[in-house]
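# Descriptive structure summary
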2 protein chains.
Amino acid sequence: MFETAELGRKISRADFKEQSAVLRTELLKVQQELRRERRFQVVIVFGGVDGAGKSETANTLNDWMDPRGISTHAFGIPTEDERERPEYWRYWRTLPPKGDIAIYLSAWYSRPLLDRVYGRSDLAGYDRDLNRIATFEKGLVDDGTLILKFWMHLGKRGQKKRLDALAKDPLTRWRVTEHEKENWKMYDQFEVASDRLIHKTNMDGAAWRLVEGEDHNYRTLTVAKVVCEALQAKLNAARPAQRRPSVISAGIGSGAVNVLNHLDMKQKLAKKEYRIQLEKYQGRLNLLTLEARRSGLSTIFVFEGADAAGKGGAIRRLVSALDAYQYKVIPIAAPSDEEKARHYLWRFWRHLPRAGRVTLFDRSWYGRVLVERVEGFATESEWKRAYAEIDDFEEQLVEGGAVLIKFWIHITKDEQLRRFKSRENTPYKRWKITDEDWRNREKWEQYEEAVDEMVSRTSTGVAPWTLVEGNDKRFARIKVLSTACHFLEATLKGRQKGADGKK
Amino acid sequence: MFETAELGRKISRADFKEQSAVLRTELLKVQQELRRERRFQVVIVFGGVDGAGKSETANTLNDWMDPRGISTHAFGIPTEDERERPEYWRYWRTLPPKGDIAIYLSAWYSRPLLDRVYGRSDLAGYDRDLNRIATFEKGLVDDGTLILKFWMHLGKRGQKKRLDALAKDPLTRWRVTEHEKENWKMYDQFEVASDRLIHKTNMDGAAWRLVEGEDHNYRTLTVAKVVCEALQAKLNAARPAQRRPSVISAGIGSGAVNVLNHLDMKQKLAKKEYRIQLEKYQGRLNLLTLEARRSGLSTIFVFEGADAAGKGGAIRRLVSALDAYQYKVIPIAAPSDEEKARHYLWRFWRHLPRAGRVTLFDRSWYGRVLVERVEGFATESEWKRAYAEIDDFEEQLVEGGAVLIKFWIHITKDEQLRRFKSRENTPYKRWKITDEDWRNREKWEQYEEAVDEMVSRTSTGVAPWTLVEGNDKRFARIKVLSTACHFLEATLKGRQKGADGKK
């Protein structure tokens, strides 16, 4: 495949001067339009071998465009803060808001490629890494991000020539590190692994462009032209149609809901028994979280449920078993403007805990397939693809060393009415009930259908849902606490076994 | 001083039960009002000796209040990301938005106190640390934050009793660490240092409350009551009057401006000479930033100047000498809603670079004493106290290992008019000129006065302003580049000397 990028293409100095002058003006113009409209963001990725001009080309793009709307990201050895989170945390954090351009040097491609070349991963592991990349980029593309990927190529001889030239000049000798020399010796392995990488991550909307890297002028103009034209094309594309509420399928209220129907909503717990169990499980949970802290296991709780289902009360009983410095409650309401300008999962990535801590999401990323679906804040294609996006996100959380515990607290429609009325009649609870709650209630059946689909589709092996019968608050709270203990115990035991097995 | 907190005060179980029930309801009520109005935020600090109930009381407050609006922060050994920034970076990052409550366990008090007790700092160094704390807290108070500080006290004997009791019980024995035992042996030193700490950081709006920590019931109720009453009082306080544009002093246009009048605005650079100098300084700057990178020196540039003064062009010439992965340009326009909910310096703290990187602020924290002053977005007392706040902020940047280079690019009123008109007549520049630019121009004299005062008051030893005569763009760009080289060279040389001196 790489032969097509070893043809010795060159552009003369005079041609470069002429063409670059036009291109720079064009680039600035489209960038301004991008910034003014703020309809989408641009992610530019440079991959390829050392010396093929990745960072030089990034420099040139930065130089040619308005520095206020463009940034470049390179990643070294992960810092402590980064090591304690899933691998992609540091990439998510740097994603640009709509209207901006971010250039990535190797970034998420670097670790998988080096691991494969130096034999630290087998072919199956490499493919898993490449799939993760494809899923990540597809998510951004689906969200409207323009992704442009350039594979900067330099043949084996071209690379040797470059290293020799650098080594000869005393001013540049320091640039030829042991690391670069070693990489050159692995050239053939790099080529095989790169070939696979390009094929597996070459997708609609995130295709690789192979660029011959030997001649500075040629590679610079090639890249700049692609960037300019792709930006222009996307800016010219018709704006997407106004978002409309999804069409609700016909099955509503006709018994289509399955999962929730099987709950025994009559389960109760007497006050005395509740007190005994509360103390028991809170004590156990406290010890378990201390053990989790020591072993670096993060815990992430998700609480979902209808208005007045008792999420807040359950969370309060749970956190009062924890030491205040080791947990955070993240209430999810309307997104801030910084959050609105990015992929909907960005706001959750930014709150991921360090190793050993506990994070409780009071409502969560599931809003996408619940409120956003029912109220039409997300288009049908947006919420439909969210199931797979969430699945991938949660897989990364668990792989990154967290246990994920998800609760749907369920109440019946009658019970909700009773609680709404009681809130209205209690002075210090009245603030808790709003017009919006009454409006949501009118869509009860649509919400039930959404919940049903959510639970069926996102109750995965690594992150199953726990349905909590919530009509009796005491019963619900104890079920939440005991489930939390159960999951933590099982995960800690599994880790212990894994550690023992390694000895 | 501490005798008053060794009186053996206790509250019986029955009294506690009765009083806490009332208090909890009250606390929830005021918290809801705080969250609804979002007029200010609350910072609660717990200081004091081990075992006096700091984290237990934080736990209780968390337990009693709505977890969605309260968070607790404890800090261990700084992480790599934290070590590479000024000491206060990690505290600024956690400051709550308006409407929220954040509890801090020891936090910014911990390092100074331990350093003093264990002899790592002398008295002068300790006082400097305490002054920094006082300045930090004063800034928050001035910004409207409610700060409540509790010094949890336990006498020498009380502490010994507690340690012995913990050590006797097999279930709690692990809590008595070597570290705690060692701290106890230093009790007298702790008392002396704490006494000084309390006196030096006891201020209007951020006063210490000494709390007797031996009895759980007494200390819990005492703290909760203070929190409840202080919150209630501040919520009841009359809302501040509507912000009005500051009254402009009488001196305008009457020759009151001094600094800018002394600039020789006729300075020019011919095209040929410009080319030579540009290449020379860009090359030098590139090498200097590589050296800075290796030695962990961060560089922070500030660019200020009237509309059309040429900030963008100067920045572009500067960054094109840098490698794209090591710098970031931070354009400062209107704050996001997350930024608006916090102290105006918060948005700058969050962008501070890691060691060895370069950050360029295109407009900056000086907006407070320029546009916010002239347009009346800040009250007179806000912009007047900003000089001292900025001074302290910049001192921390430099202490944290950065070199700070500040440019005011100056143009004359006539030259601005010429540039505005030229922009209007050039199709691809037209987007750069807005109605707002014309409106700002009408206030030229007021801006000049503000600039004059800014330069005089914030040109400090650690961070002097460089005034750039900007009527000739070529001259201005070279002055920016050569100044940047000069500052970097001097700082790197100073560091080298310092390092040599240590050998």
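See the structure above.
Heads up: these notes are all about the structure in this document. (Residues numbered from 1 in each chain as written. Chains lettered and ligands numbered in written order. Predicted model: local features only at pLDDT ≥ 70, side-chain atom pairs only at ≥ 80, totals over all residues. Heavy atoms only, no water.)

Attention now moves to the relation of the copies chain B and chain A. The transform that puts chain B on chain A rotates by 180 degrees and translates by 0.1 Å along the axis, for an RMSD of 0.1 Å. These values place the two chain copies in the arrangement generated by a two-fold rotation axis. When the interface residues of chain B are mapped onto chain A, 100% of them are again interface residues, pointing to one common binding face. (Least-squares fit on C-alpha atoms with pLDDT ≥ 70 in both. Contact = heavy atoms within 4.5 Å.)

All names here are of chain A. Pairing is parallel in the open sheet, where 5 strands are placed in the order S2-S3-S1-S4-S5. Only two strands of the sheet have a single neighbouring strand rather than two, namely strand S2 (70–73) and strand S5 (208–212). For this sheet, the mean angle separating the axes of adjacent strands, direction not counted, is 20 degrees. When strand S1 (residues 42–48) meets strand S3 (residues 101–105), the two strands line up parallel, connected through 5 bridges. Looking across to S3, one finds that valine 43 is bridged to alanine 102. Set on the sheet, helix H2 (residues 54–64) makes contact with S1, S2, S3 and strand S4 (146–153); between it and S1 the angle comes to about 155 degrees. (Pairing = 2+ DSSP bridges. Helix = DSSP H or I, 4+ residues; strand = E, 2+ residues; numbered from the N terminus. Axes fitted to C-alpha atoms, helices over the stretch in contact; angles between N-to-C directions.)

Our next topic: the interface of chain B and chain A. Listed by partner, the interface residues are 44 residues for chain B and 44 residues for chain A. For the pair chain B and chain A, the summed buried surface comes to about 4,000 Å²; carbon and sulfur atoms form 56% of the total. At the junction of chain B and chain A, the tally comes to 4 salt bridges. The shortest N-O distance in the salt bridge between arginine 68 of chain A and aspartate 362 of chain B comes to 3.5 Å. Run the count over chain B and chain A and you get 20 residue pairs in polar contact (both at pLDDT 80 or more). Mapped onto the side of chain B that touches chain A, the elements with two or more residues apiece are helix H1 (13–37), helix H2 (54–64), strand S2 (70–74), helix H3 (80–83), helix H12 (311–319), strand S7 (327–331) and helix H13 (337–340) of chain B. If one sorts the elements of the side of chain B that touches chain A by residue count, H1 of chain B sits on top with 5 residues. Here the residues of the side of chain B that touches chain A are counted per class, giving 17 nonpolar, 9 polar and 18 charged. (Buried area = accessible area lost by both parts, 1.4 Å probe. Salt bridge = Lys/Arg side-chain N within 4 Å of Asp/Glu carboxyl O. Polar contact = N/O pair within 3.5 Å; in protein donor to acceptor, adjacent residues only side chain to side chain. Nonpolar A, V, L, I, M, F, W, Y, C, P; charged D, E, K, R; others polar.)

For the rest of this paragraph, the subject is the layout of surface pockets. All names here are of chain B. As a volume, the second largest pocket reaches approximately 450 Å³. Considering the residues around the second largest pocket, the lining is formed by 19 residues, among which Glu87, Arg111, Asp129, Arg132 and Glu399 are closest to the centre. Mapped onto the lining of the second largest pocket, the elements with two or more residues apiece are helix H5 (110–117), helix H6 (123–142) and helix H16 (380–399). When residues in the lining of the second largest pocket are grouped by element, the largest group, 6 residues, is from H6. In the lining of the second largest pocket, the residues fall into 3 nonpolar, 6 polar and 10 charged. (1 Å grid on protein atoms, 1.4 Å probe; cavity = no way out; pocket = protein on both sides within 12 Å on 5 of 7 lines; lining within 4 Å. Points joined across faces, edges and corners; volume = space filled by probe spheres on them.)

Further remarks concern the sheet that holds strand S1 (residues 42–48) of chain B. All names here are of chain B. The strand order across the open sheet built from 5 strands is S2-S3-S1-S4-S5, with neighbouring strands paired in parallel fashion. For this open sheet the edge positions go to S2 and strand S5 (208–212), each flanked by a neighbour on one side alone. Each adjacent strand pair in this sheet contributes to an overall mean axis angle of 20 degrees, direction not counted. Of the pairings in the sheet, the one linking S2 to strand S3 (residues 101–105) comprises 5 bridges and is parallel in character. Residue isoleucine 70 lies in a different strand from S3, and its bridge partner there is isoleucine 101. Contacts between helix H9 (residues 187–200) and the sheet are confined to strand S4 (146–153) and S5, with S4 contributing the most and set at about 155 degrees to the helix. Sitting on the sheet, helix H10 (residues 216–236) touches S1, S3, S4 and S5, and the angle it makes with S4 is about 165 degrees.

Everything listed is a geometric property; what it means functionally is a separate question.
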